[in-house]
Amino acid sequence: MADSIISNGFAKKINTSTKQGNGVCHDDSSSPIKAQTIDELHSLQKKRSTPTTPIGSAPSSAFSLITEEDRQRQQLQSISATLASLTRETGPKVVKGDPARKETSTKVAHVAHHQYAPAINISDSSLKFTHVLYNLSPAELYEQAIRYEKGSFLTSVGALATLSGAKTGRSPKDKRVVKDENTERELWWGKGSPNIEMDEHTFMINRERAVDYLNSLDKVFVNDQFLNWDPENKIKVRIVSARAYHSLFMHNMCIRPTEEELENFGTPDFTIYNAGQFPCNRFTHYMTSSTSIDVNLARKEMVILGTQYAGEMKKGLFSLMHYLMPKRHILSLHSGCNMGKDGDVALFFGLSGTGKTTLSTDHNRYLIGDDEHCWSNNGVSNIEGGCYAKCIDLSREKEPDIWNAIKFGTVLENVVFDEHTREVDYSDNSVTENTRAAYPIEYIPNALIPCVGPHPKNVILLACDAFGVLPPVSKLSLAQTMYHFISGYTALVAGTEDGIKEPQATFSACFGAAFIMLHPTKYAAMLAEKMQNHGATGWLVNTGWSGGRYGYGSRIKLSYTRKIIDAIHSGELLNANYCKTKVFGLEIPTAIEGIPSEILDPMNTWPDKDAYDETLLKLANLFKNNFETFTNYKIGEDNSLTEEILAAGPIF
Ligand SMILES: Nc1ncnc2c1ncn2[C@@H]1O[C@H](COP(=O)(O)OP(=O)(O)O)[C@@H](O)[C@H]1O
Ligand SMILES: C=C(OP(=O)(O)O)C(=O)O
Ligand SMILES: [Ca+2]
Ligand SMILES: [Mn+2]
C-alpha cells in the first residue's frame, strides 16, 4: 500500500513533465516562470511586508488623516531629529534600509534645527547618508550580525552566539547622572548612592561624541519599543545602536509593538544612544575611565560610550523606571514574579545570581517576568518583554524551560561552543562567568501574556549566603521584611579561582542599589504600605551555602529550594510549626514535605559548632554596620514602624 502511494506520487510528477508530448523531458513543467531575469527572480523571493517599513505597505486606514507618504516622512524626520548634532544644528540625511542592498528606499529626511542662530554647518557628515535599519525582525538582525559582526555565530539550536567585547558585565562605577535643579532635590546623592553626578555640559559633550560616532557609520539600528505591560503606564523608548546584536537584544528584552502601535508611535519618551564600541574621552570632566553611561532625565536621554555589554541598556531603562514610576505612586521592583493557577502572585527579590530568573521560571506556575516589575494600585506588571538568564552551568534537567528557550531568536552572550558542531558548553567560563541568554518572554511556555497579575500574596527575599549561616527559609514579620529589604544582603563567591576564598558580603539597598534613583526609604515605605494593605507575607530564602561556609559546605540543592518555594506558594508553610533562631531572630519551620528536616536549621548542618557561632556573629556584625547609615531615616509616615524595623535586625 505505502509503496503504491509513493510510486503514484512520483508518477504524477513525471506525467506532468511529459504533458507537452514533444518527447523532450522538461524539468520546469509546473506553472510558467514569472521572472525574466535572475534579479527579478530574487526580487520575487521576498514578499513585501511591514517590519522594516512599518508605515509604508500597510493598507492605510479609512480614517487616517495623513497620507502614508507623509507618515513615512514624519518618521524619518523623527529619526533624523534623534540623531541630530546639537553643535552643527542639523540632523543627518536619514534613509531607510541596508546600504548594501539595492532596494533601499530613496526617501530622505534631513532635519535642520533653527532654535539657534543659523551657523555655518557644513561638514562631511552632512554630505553622507545615515542608513537606518528600523525595527528589523530577528531573522534580518541575524543576517546583519553574521555578515558584519565578528564573533557572531549560529549555535546548533539556532541561537545567535555573540561577544560583548571587553566588558562582560555592568560598569556601575562609570554611571553618571546629570545633576540639575530638579534632580539635585529629587534623587539620592552621596554615600551609598549609585547616582554619581555630572553636569549638563559634560553630558552634551558625551552625547555629541556618541551621535557623531553613530552618524559616521554606514548604518545604525533603531528600535522603537515599549516598557511596562500596564497599559496606563506604558513608556515609549527608542534605542539607537551600532550593532545588530544590541538591536536584537533590545527587541527581545523590551515589549515589542504591534504594527498598529508602531504606526502611532510618535515621539519616544526616552532615547538611548548606544555608541558602546567607541570610548569616551578621558580628558572630559567627570570621566574616570574610557567607559561612560550617562543619564539625563531632563533631556530624557541616555548615552553609552565604551561598553558593549547589552545589560547596560536594560538596566539603564530600569533606573529610568525607578525614577518615573514612584512619581506616579507606583513601586518599581528588582524582582521576578509568577502566579499560581489560583491567581496567587509571588515576588522574588534578590541581587544578581540569587535565583530570581531561575525560581520565577517554574513549570507549575505562570511566568509574569524574571527581573523588573511595577506594583501599582491595580496589581503587578512586568516592565520588560523578555528574560535575561544566567547560563553558566545551565542544565536541561535542572532548568528545562530556560534550556528550551535557547533557540532561534535568542541572543547568547559570551558562551563557548564547539567549533564544528556549534554545541554550546555551558560549563565553559573561558570568556566570562557571566554568560547570558536573552529571549522573548513567550519562549517560556507558561508565560502570562499580557504580563500582569493581581496584588502579590508572597514576597520572597532571596539571599545567596556563602557564609552558610542563614536558614534555607524563614518567615518574616513586616518589620523584618523591611529590615532585610533595605539591607539587600547577598554573599556570592568571587569567582572560580583556586583555593578557598572568603565570601564577600554585599549589601545593596532594595536588592538593587545600582538601579534605584531615590533614597531607599522611599521604596521601602511604599513596599511596607502595599504589603500591609494587601496582606502579603514576607519570606527570606537562602539559595546559598549549607553545611559550612563556601569551601566547606555546599550550595543548597536547587531541587530543595524549589520544594521550599512550592511550600510557600501552597500555603503549607504559612501554617507550619516554627522556632526562632538566635541572633537574627528568624522564624524557621521545623519540617517541610520532601526536605530533610535537619537542614532547616543551619546550625545542625555545621560539623564545627564553634565555627558556626563565630561565622554567625561575623555576618550579624556586617549587617549591623551596614544598617547604621539608615538609622537616621524615618520610613513612611509611621514612626512606630521605623522603630520596629530598627529592632528587627540581629540582636547580640
Ligand atoms: N538553590 C538554588 N537556588 C537558586 N539558584 C541556584 C541554586 N543552586 C544553584 N543555582 C544557580 O544559581 C543561579 C541563579 O541565577 P539567576 O536565577 O539568573 O539569578 P538572578 O536572576 O537573581 O540574577 C543559576 O545559575 C542557578 O542554576
Ligand atoms: C541583568 C542583570 O541582572 P541580574 O543578574 O539580576 O539578572 C545584570 O546585573 O546585568
Ligand atoms: Ca536574572
Ligand atoms: Mn536582575
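Residues numbered from 1 in each chain as written. Chains lettered and ligands numbered in written order. Predicted model: local features only at pLDDT ≥ 70, side-chain atom pairs only at ≥ 80, totals over all residues. Heavy atoms only, no water.

1. A short note on the environment of T155
For the record, the criterion: Think of it this way: any DSSP run of H or I at least four residues long counts as a helix, any run of E at least two long counts as a strand, and we number them from the N terminus. The criterion used for residue contact is that any of the two residues' heavy atoms lie within 4.5 Å.
Relative to the assigned elements, T155 resides in the loop between β4 (153-154) and β5 (160-162). What T155 contacts, discounting residues up to four positions off in sequence, is A161, L412, R422 and V424.

2. What about the sheet that holds strand β18 (residues 379-382)?
Working definition: the strands of a sheet are paired by backbone hydrogen bonds and lie parallel or antiparallel to each other. Operational definition: Strand pairing is assigned whenever DSSP detects at least two bridges linking the two strands. Interaxial angles span 0 to 180 degrees and are taken between N-to-C directions of axes, which are lines fitted to C-alpha atoms, for helices over the stretch in contact.
The strand order across the open sheet built from four strands is β13-β17-β18-β24, with neighbouring strands paired in antiparallel fashion. Across the chains shown, the open sheet's two edge strands, defined by having one partner strand only, are β13 (331-333) and β24 (452-453). Two strands pair when backbone bridges link them, and β18 and β24 are joined in this way by two bridges, in the antiparallel orientation. Opposite V380, over in β24, you have G453 as the bridge partner. In the packing of helix α9 (residues 311-327) onto the sheet, contacts are made with β13 and β17 (373-376), and the angle to β13 comes to roughly 160°.

3. Some words on the packing of aromatic side chains
Spelled out, the test is: Note on ring pairs: Phe, Tyr and Trp rings are taken, using the six-membered ring of Trp, and paired if centres are within 6.5 Å. Classes follow the plane angle, with under 30 degrees stacked, over 60 edge-to-face and the rest tilted. Remark: exposure states derive from per-residue accessible area (1.4 Å probe, protein chains only) relative to the maximum for the residue type, with buried under 20%, exposed over 50%, and partly exposed in between. Only when the NZ atom of a Lys or the CZ atom of an Arg is both within 6 Å of the ring centre and within 35 degrees of the ring normal do we say a charge sits over the ring.
Tallied over the entire structure, the rule returns 20 aromatic pairs. Residues F318 and F515 carry aromatic rings whose centres are separated by 5.6 Å and whose planes lie at 45° to one another, so their mutual orientation is tilted. Of the two residues, F318 sits in helix α9 while F515 sits in the loop between β28 (504-507) and α13 (520-534), which places them 197 residues apart along the sequence. Classification of F318 by relative accessible area gives buried; the value is 0%. Using a relative accessible area of 4% as the deciding quantity, one classes F515 as buried. Aromatic ring contacts, followed pair by pair, group Y483, Y489, F507, F584, F623, F627 and F630 into a single cluster. Across from the ring centre of F652, 5.3 Å away, lies the NZ or CZ of K624, which sits over that ring.

4. Observations regarding the site of ligand 1
Keep this limit in mind: Definition of nearness: a residue and a molecule or strand are near each other if at least one heavy atom of the residue lies within 4 Å of the molecule or strand. In protein, a polar contact means a hydrogen-donor-capable atom and an acceptor-capable atom, both N or O and within 3.5 Å, with residues adjacent in sequence counting only if both atoms are side-chain atoms; elsewhere, any N or O pair within 3.5 Å suffices. Where accessible areas are quoted, they stem from the Shrake-Rupley method and a 1.4 Å probe; at the residue level, only the protein chains shown are allowed to cover. Asp, Glu, Lys and Arg are counted as charged, while Ala, Val, Leu, Ile, Met, Phe, Trp, Tyr, Cys and Pro are counted as nonpolar; the rest, among them Gly, fall into the polar class.
Among the 16 residues in the neighbourhood of ligand 1, the closest are listed as G353, K356, T357, T358 and E399. For ligand 1, an oxygen atom lies 3.4 Å from a polar atom in the backbone of L351. Here a nitrogen atom of ligand 1 sits 2.9 Å away from a polar atom, N or O, in the side chain of T561. Surface burial for ligand 1 is 89%, taken as the share of its 570 Å² of free accessible area covered by protein chains. Of all the secondary structure elements, the ones that give two or more residues to the shell around ligand 1 are α10 (356-360) and α14 (558-570). In terms of residue class, the shell around ligand 1 is built from three nonpolar, eight polar and five charged.

5. Observations regarding the coordination of the manganese ion (ligand 4)
Each donor-metal-donor angle in an ideal tetrahedron of four donors is 109.5 degrees, and each such angle in an ideal octahedron of six donors is either 90 or 180 degrees. So the rule is basically this: Donor atoms: N, O and S within 2.8 Å of the metal, or within 3.2 Å for Na, K and Ca. Because water is excluded, sites can look incomplete.
Within the protein, the manganese ion (ligand 4) binds to H334 (NE2) and D371 (OD); these donor distances fall in the range 1.8 to 2.5 Å. Between the manganese ion (ligand 4) and the calcium ion (ligand 3) the interatomic distance amounts to 4.1 Å. Of the two residues, H334 sits in the loop between β13 and β14 (335-339) while D371 sits in the loop between β16 (366-369) and β17, which places them 37 residues apart along the sequence.

6. Details of the packing of helix α7 (residues 244-253) against α9
In plain terms, the rule: Roughly parallel covers angles under 35 degrees, roughly antiparallel covers those over 145, roughly perpendicular covers 65 to 115, and oblique covers all other angles. A crossing counts as left-handed when the near helix is turned anticlockwise from the far one by less than a right angle, and as right-handed when that turn is clockwise.
Interaxial distance between α7 and α9 falls to 9 Å at its minimum, and their mutual angle equals 40°. Classified by the interaxial angle, the pair formed by α7 and α9 is oblique. As for how α7 packs across α9, the hand of that crossing is right-handed. Facing H246, F249, M250 and M253 of α7, the residues of α9 in contact are G311, M313, K314 and L317. Considered class by class, the residues forming the contact of α7 with α9 number five nonpolar, two polar and one charged.

7. Description of the packing of helix α4 (residues 138-148) against α7
Two numbers describe how α4 lies on α7: the axes approach to 8 Å, and their chain directions differ by 155°. By the angle between their directions, the pair α4 and α7 is classed as roughly antiparallel. Crossing hand, α4 versus α7: left-handed. Contact residues: P138, L141, Y142, Q144 and A145 in α4; A244, S247, L248 and H251 in α7. The residue makeup of the contact of α4 with α7, split by class, is six nonpolar, three polar and no charged.

8. Points about the domain arrangement of the chain
Applicable threshold: Residue ranges for the domains originate in an automatic or database domain assignment. Throughout, buried area stands for the accessible area (probe radius 1.4 Å) lost by two parts on being put together, summed over both.
What the domain assignment lists for the chain is domain 1 (161-334 + 371-452) and domain 2 (455-647). Just the C-alpha atoms count here: the centres of domain 1 and domain 2 sit 28 Å apart. Of the residues lining the interface, 31 residues belong to domain 1; the matching set on domain 2 comes to 22 residues. Around 2,300 Å² of area is buried between domain 1 and domain 2 when both sides are counted, 68% of it from carbon and sulfur atoms. It is W188, L331 and W375 that lose the most area in domain 1 upon contact with domain 2, and together they represent 32% of the buried surface on that side. Where domain 1 packs against domain 2, one counts nine residue pairs in polar contact (both at pLDDT 80 or more). Going through the elements one at a time, β6 (175-178), α9, β13, β17 and β18 are the ones with two or more residues in the side of domain 1 that touches domain 2.

9. Some thoughts on the site of ligand 2
Around ligand 2 lies a shell formed by R170, Y309, K314, K315, H334, S352, K356, D371, Y388 and R436. K315 places a polar side-chain atom, nitrogen or oxygen, 2.7 Å from an oxygen atom of ligand 2. Taking S352, its side chain carries an N or O atom lying 2.4 Å from an oxygen atom of ligand 2. A total of 290 Å² of accessible area belongs to ligand 2 in isolation, and the protein chains cover 95% of it. Looking at the shell around ligand 2 residue by residue, the classes come out as two nonpolar, two polar and six charged.

10. Observations regarding helix α16 (residues 609-627)
Basically, it comes down to this: The span you would expect from a helix comes to 1.5 Å times its residue count less one. Taken from the helix axis, the directions to the C-beta atoms give the arc we talk about.
Over its 19 residues, α16 runs 27 Å from end to end, which matches the ideal 27 Å to within 8%, given 1.5 Å per residue. Along α16, the positions that sit buried rather than exposed are Y612, T615, L616, L619, A620, F623, N626 and F627. End-on view of α16: buried residues confined to an arc of 140°, all on one side of the axis. For α16, the exposed residues lying more than 90 degrees away from the buried face are D610 and E614. For α16, the secondary structure elements touched by its buried residues are α12 (478-487), β27 (489-492), β28, α15 (602-605) and α17 (639-647). N-capping of α16 is provided by D608, with a side-chain oxygen placed 3.1 Å from the backbone N of D610.

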